[in-house]
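# Per-entry structural report
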Amino acid sequence: MYPTRAYAAKSASQPLGPFQIARREVGPHDVLIDIDYCGVCHTDLHFIRNEWQSSIYPMVPGHEIVGRVNKVGEHVTKFKKGELVAVGCMVDSCQHCEDCAEGMEQYCQNTPTFTYNDTVGSLVSRPTAVTPIRSL
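Attention in this report is confined to the structure presented alongside it. (Residues numbered from 1 in each chain as written. Predicted model: local features only at pLDDT ≥ 70, side-chain atom pairs only at ≥ 80, totals over all residues. Heavy atoms only, no water.)

Attention now goes to the overall build of the protein. Counting secondary structure elements, the protein contains two helices and nine strands. From first element to last, N terminus to C terminus, the protein shows the α and β order β-β-β-α-β-β-β-α-β-β-β. Here the protein holds 136 residues, and 40% of them are scored as buried. Considering only contacts within the protein whose residues lie at least 6 apart along the sequence, 57% involve residues at least 24 apart. On the protein, roughly 8,200 Å² of surface is accessible, and the fraction owed to carbon and sulfur atoms is 53%. (Helix = DSSP H or I, 4+ residues; strand = E, 2+ residues; numbered from the N terminus. Buried < 20%, exposed > 50% of the residue type's maximum accessible area, 1.4 Å probe, protein only. Contact = heavy atoms within 4.5 Å. Areas by Shrake-Rupley, 256 points an atom, 1.4 Å probe, with all protein chains shown as cover.)

To continue, consider unusual backbone geometry. Generally, phi is negative for residues other than glycine and the peptide bonds are trans, each holding for most cases. Residue Pro-58 follows Tyr-57 across a cis peptide bond; omega there is -5°. Along the chain, Pro-58 falls in the loop between α1 (42-48) and β4 (64-72). One non-glycine residue, Asn-50, lies in the positive phi region at around 55°. On the secondary structure map, Asn-50 appears in the loop between α1 and β4. In this model, Gln-95 sits at a positive phi of 65°, which is unusual for a non-glycine residue. With respect to the helices, strands and loops of the structure, Gln-95 is situated in the loop between β6 (90-92) and α2 (98-101). Residue classification places Gln-95 among the partly exposed positions, given a relative accessible area of 35%.

Once that is clear, we can look at the pattern of salt bridges. Counted under the stated rule, the structure contains one salt bridge. Notably, a salt bridge pairs Arg-49 with Glu-51, separated by 3.8 Å at the nearest N-O pair. Owing to a relative accessible area of 43%, Arg-49 belongs among the partly exposed residues under this scheme. Residue Glu-51 is classed as partly exposed on the basis of its relative accessible area of 39%. (Salt bridge = Lys/Arg side-chain N within 4 Å of Asp/Glu carboxyl O.)

With that settled, the discussion passes to the environment of Arg-5. If you trace the backbone, Arg-5 turns up in strand β1 (residues 2-8). For the pair Arg-5 and Ala-22, spaced 17 residues apart in sequence, the C-alpha to C-alpha distance is 9.1 Å. Contact partners of Arg-5, with chain neighbours within four places excluded, come to Phe-19 and Gln-20.

With that settled, consider the nonpolar core. If you look at the biggest cluster of nonpolar residues, it comprises nine residues: Val-31, Ile-33, Ile-65, Val-69, Val-76, Phe-79, Val-85, Val-87 and Val-91. Elements with a contribution of two residues or more to this core: β3 (31-39), β4 and β5 (84-87). (Core = buried A, V, L, I, M, F, W, Y, C linked by side-chain atoms within 4.5 Å.)

Okay, the pairing of β5 next. In β5, alternate side chains face the same way, and those of Leu-84 and Ala-86 on one face and Val-85 and Val-87 on the other are all buried. Strand direction decides the pairing type here: β4 and β5, joined by four bridges, are antiparallel. Residue Val-66 lies in a different strand from β5, and its bridge partner there is Ala-86. (Pairing = 2+ DSSP bridges.)

A few words now on the state of the cysteines. Think of a disulfide as a covalent bridge from one cysteine sulfur atom to another cysteine sulfur atom. A full pass over the atoms with the stated rule returns zero disulfides. Cys-100 forms no disulfide, and the closest cysteine sulfur to it belongs to Cys-97, at a distance of 3.7 Å. By relative accessible area, Cys-100 is classed as buried at 6%. (Disulfide = S-S within 2.5 Å.)

As structure tokens, this is what we get:
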């Protein structure tokens, strides 16, 4: 594990402040991304303020991510180091339930992992959730 600097909300009533995330090591199916840009949308604001009464603190907002691949796991073949990629609001789903089979991973019935208000916090995502940006 190694530290990554970020800004986090530590409660619904405190402003964002400096924070360190302990990133886990890259696993065999993982893609490590150096984040260049992230979007903070209104969903982030709802969670920061705990307006939906389900927030998990500390929380690092900014769940739409664009960056470059820094490292890939040994089983990753779709992405290469240095490639420009994007990550949306999910980084994982089971890929086996009825919703996943229909291409509706956002409704995964088993193991959806979101890039906001989730306990994973690793900023390491599975290659199925990373999208190459080839038009830039």
